[in-house]
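Structural characterization, general
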Amino acid sequence: GQNIDQPTEMTATEGAIVQINCTYQTSGFNGLFWYQQHAGEAPTFLSYNVLDGLEEKGRFSSFLSRSKGYSYLLLKELQMKDSASYLCAVRSTRNDYKLSFGAGTTVTVRA
Amino acid sequence: DGGITQSPKYLFRKEGQNVTLSCEQNLNHDAMYWYRQDPGQGLRLIYYSQIVNDFQKGDIAEGYSVSREKKESFPLTVTSAQKNPTAFYLCASWDRGFGNQPQHFGDGTRLSIL
């Protein structure tokens, strides 16, 4: 089976940096996705990692360590609009066509 | 613009009633998915389809049914056997799950019991 863990909630101040961790135990691994979801809306794609290392996209960066079953999403220069839930999702095998999602981390940005 | 359309946005079900949620995509994606999301929880897979006229059960298929008669369409029926249907339902599509292409989501249908 798949087991994906994320912290439930995090709070940070506008302009600060927040790191959201995701640990996974899956039968095989072929990619990890991060999504942002505002309340009552659809998830939107943020980043993808399949090889070890850091992927940077503007204010958002994502890191992967396959040997540790670990990823994090780094949000820099936090803005109020970044208040949302962040979902970690793992694709377990290349031909499986399925994603397994973590429960999500709710980030609240305070002024 | 290509995308996924879910309808209706809000749906109410009476006891003993079956209801059908619509999902249409014009992204030309082969794979389509239905997820259920409960408050404070992640997405749980109900059913998915990799190709027309074929579909597989996900983790929580009991009380639900689907069909895939056309590539563009993947409707979900919530049957009366689903005793706790109140949730946010999300439809997604995927370009054969290859590479770094993400799943694309519709805007969701919120189902409640009357």
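Our subject is the structure that appears above.
Residues numbered from 1 in each chain as written. Chains lettered and ligands numbered in written order. Predicted model: local features only at pLDDT ≥ 70, side-chain atom pairs only at ≥ 80, totals over all residues. Heavy atoms only, no water.

Turning to the overall build of chain B, a few remarks are in order. The helix and strand inventory of chain B stands at 0 helices and 11 strands. Counting from the amino terminus, chain B carries its helices and strands in the arrangement β-β-β-β-β-β-β-β-β-β-β. A globule of 114 residues ought to have a C-alpha radius of gyration of about 13 Å, and chain B, at 13 Å, matches this closely. Counting only C-alpha atoms and orienting by the principal axes, one finds that chain B spans roughly 40 × 30 × 25 Å. Taken across its 114 residues, chain B has 48% of its residues classed as buried. In chain B, the share of contacts with a sequence separation of at least 24, taken over all contacts with a separation of at least 6, comes to 52%. Carbon together with sulfur atoms contributes 45% to the accessible area of chain B, which is approximately 5600 Å² in total. (Helix = DSSP H or I, 4+ residues; strand = E, 2+ residues; numbered from the N terminus. Rg over C-alpha atoms; globule rule 2.2 N^0.38 Å. Buried < 20%, exposed > 50% of the residue type's maximum accessible area, 1.4 Å probe, protein only. Contact = heavy atoms within 4.5 Å. Areas by Shrake-Rupley, 256 points an atom, 1.4 Å probe, with all protein chains shown as cover.)

So, on to the packing of aromatic side chains. Scanning the model with the defined rule gives 19 aromatic pairs over all chains in all. Ring pairs connect the aromatic residues Phe33(A), Tyr35(A), Phe45(A), Tyr48(A), Phe101(A), Tyr33(B), Tyr35(B), Tyr48(B), Trp94(B) and Phe105(B), which therefore count as one cluster. Sitting over the ring of Phe74(B), Arg68(B) keeps its end group 6.0 Å from the ring centre. (Phe/Tyr/Trp six-rings, centres within 6.5 Å; stacked < 30°, edge-to-face > 60°. Lys NZ or Arg CZ within 6 Å of the ring centre and 35° of its normal.)

Let us look at the sheet that holds strand S1 (residues 4–7) of chain B. Residues and elements named next belong to chain B. Taken in spatial order, the 4 strands make up an open sheet running S1-S3-S8-S7, and their pairing is antiparallel. Strand pairing shows two members of the sheet lacking a second neighbour, S1 and strand S7 (64–66), which therefore form its edges. Shown here is a sheet whose adjacent strand axes are inclined to one another by a mean of 20°, direction ignored. (Pairing = 2+ DSSP bridges. Axes fitted to C-alpha atoms, helices over the stretch in contact; angles between N-to-C directions.)

Our next topic: the interface of chain B and chain A. Each partner contributes to the interface: chain B provides 26 residues, whereas chain A provides 20 residues. In this assembly, chain B packs against chain A so that about 1900 Å² is buried in total across both faces, 59% of it on carbon and sulfur atoms. For the chain B face of the interface with chain A, the top three residues by lost area are Leu43(B), Trp94(B) and Phe105(B), together amounting to 22%. Here chain B is connected to chain A by 0 salt bridges. At the boundary of chain B and chain A, one finds 3 residue pairs in polar contact (both at pLDDT 80 or more). Contributing elements (two or more residues each) for the side of chain B that touches chain A: strand S4 (31–37), strand S5 (43–51) and strand S9 (87–94) of chain B. Of the residues assigned to the side of chain B that touches chain A, the class counts are 12 nonpolar, 11 polar and 3 charged. (Buried area = accessible area lost by both parts, 1.4 Å probe. Salt bridge = Lys/Arg side-chain N within 4 Å of Asp/Glu carboxyl O. Polar contact = N/O pair within 3.5 Å; in protein donor to acceptor, adjacent residues only side chain to side chain. Nonpolar A, V, L, I, M, F, W, Y, C, P; charged D, E, K, R; others polar.)

This part covers the side chain of Gln6(B). Residue and element names in this part refer to chain B. Along the polypeptide, Gln6 turns up in strand S1. Using a relative accessible area of 10% as the deciding quantity, one classes Gln6 as buried. Of note is the side chain of Gln6, whose polar atom sits 3.1 Å from the backbone oxygen of Tyr89. At a separation of 2.9 Å, a polar atom in the side chain of Gln6 contacts the main-chain amide nitrogen of Cys91. Apart from residues no more than four positions distant in its own chain, Gln6 is found in contact with Ser22, Trp34, Tyr89, Leu90, Cys91, Gly106, Asp107, Gly108 and Thr109.

With that out of the way, let us pick up the pairing of strand S2 (residues 10–13) of chain B. All names here are of chain B. Covered by surrounding structure in S2 are Leu11 and Arg13 only, the residues Tyr10 and Phe12 on the alternate face being uncovered. In this structure, S2 lies alongside strand S11 (residues 109–113), joined through 4 bridges in parallel fashion. Among the inter-strand pairings, Phe12 is bridged to a residue of S11, identified as Ser112.

Moving on to the sheet that holds strand S8 (residues 70–75) of chain A. Sheets are built from strands that pair by backbone hydrogen bonding, the pairs being arranged parallel or antiparallel. Residues and elements named next belong to chain A. One open sheet accounts for 5 strands, arranged S1-S3-S8-S7-S6; its pairing is antiparallel. Among the strands making up the open sheet, the edge pair consists of strand S1 (3–5) and strand S6 (53–57). Neighbour to neighbour, the strand axes of the sheet diverge by 15° on average, direction disregarded. Sheet analysis places strand S3 (residues 18–25) next to S8, joined by 6 bridges and oriented antiparallel.

So, on to unusual backbone geometry. In this structure, Pro8(B) follows Ser7(B) across a cis peptide bond, with omega equal to -10°. Here Pro8(B) is to be found in the loop between S1 and S2. Within the chain, Glu77(A) stands out as a residue other than glycine whose phi angle is a positive 45°. Among the structural elements, Glu77(A) can be located in the loop between S8 and strand S9 (84–91). You can call Glu77(A) exposed: its relative accessible area is 55%. The phi dihedral of Asn53(B) falls on the positive side, at around 65°, and the residue is not glycine.

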